Amino acid sequence: MLAARAFRGVAARTGRIARPTAARPAAGRRQMSYASFYDTYLKSNASMVTFIVAGAIVTELMFSKGTDALWSAANGGKLVEHVDWAKWSADDDDDDDDDDDD
């Protein structure tokens, strides 16, 4: 590793190896900087843990809502939320109370 680094340095000074140039971003696009992301979210341990926990919570909520929507679409009309409770009458429930008075 040390020898390779020294060889590159000597070759670059003599002009035998061209130094790679950084690719320019497309016009109108802002280049994403890892340094700004690191300074914002990963600089301290507390901010990194907060970023990871918040990301896990948001991911879990999105996954939960997505699977619930898929389950509801696949089982349309079969779930408790889809039952029309107006069809059920509550008048039959009073018959059981009369037997207890004897």
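Please refer to the structure higher up on the page.
Procedures and definitions
Residues numbered from 1 in each chain as written. Predicted model: local features only at pLDDT ≥ 70, side-chain atom pairs only at ≥ 80, totals over all residues. Heavy atoms only, no water. Helix = DSSP H or I, 4+ residues; strand = E, 2+ residues; numbered from the N terminus. Buried < 20%, exposed > 50% of the residue type's maximum accessible area, 1.4 Å probe, protein only. Areas by Shrake-Rupley, 256 points an atom, 1.4 Å probe, with all protein chains shown as cover. Axes fitted to C-alpha atoms, helices over the stretch in contact; angles between N-to-C directions. Parallel < 35°, antiparallel > 145°, perpendicular 65-115°, else oblique. Contact = heavy atoms within 4.5 Å. Phe/Tyr/Trp six-rings, centres within 6.5 Å; stacked < 30°, edge-to-face > 60°. Patch = residues over 30% accessible without salt bridge, like charges linked within 9 Å, V, L, I, M, F, W, Y side chains within 5 Å. Salt bridge = Lys/Arg side-chain N within 4 Å of Asp/Glu carboxyl O.

Chemist: Account for the overall build of the protein, naming residues and giving values.
Modeler: What the protein contains, in helices and strands, is four helices and zero strands. Counting from the amino terminus, the protein carries its helices and strands in the arrangement α-α-α-α. Within the span of the protein, comprising 102 residues, buried residues form 4% of the whole. Of the roughly 9,900 Å² of accessible surface on the protein, a fraction of 59% belongs to carbon and sulfur atoms.

Chemist: Describe the packing of helix 2 (residues 34-42) against helix 3 (residues 45-74), naming the residues involved and giving the relevant values.
Modeler: Closest axis-to-axis distance for the helix 2/helix 3 pair is 7 Å, and the angle between their directions is 90°. Accordingly, the angle class assigned to the pair helix 2 and helix 3 is roughly perpendicular. Between helix 2 and helix 3, the residues in contact are Phe 37, Tyr 41 and Leu 42 and Ser 47, Met 48 and Phe 51, respectively.

Chemist: Can you tell me about the environment of Tyr 38, naming the residues and giving the values?
Modeler: Structurally, Tyr 38 is set in helix 2. According to the relative accessible area criterion, Tyr 38 is partly exposed, its value standing at 33%.

Chemist: Can you lay out the packing of aromatic side chains for me, pointing to particular residues and giving the numbers?
Modeler: Applying the stated criterion across every chain, the model contains five aromatic pairs. Aromatic pair Tyr 34 and Phe 37: ring centres 6.4 Å apart, planes at 40°, arrangement tilted. Placement of the pair is Tyr 34 and Phe 37 together in helix 2, with a separation of three residues, close to one helical turn. You can call Phe 37 partly exposed: its relative accessible area is 26%.

Chemist: I'd like to hear about a nonpolar patch on the surface, residue by residue, with values.
Modeler: Residues Tyr 41, Met 48, Phe 51 and Ile 52 make up a contiguous nonpolar surface patch of roughly 350 Å² in combined accessible area. Mapped onto the elements, Met 48 comes out in helix 3.

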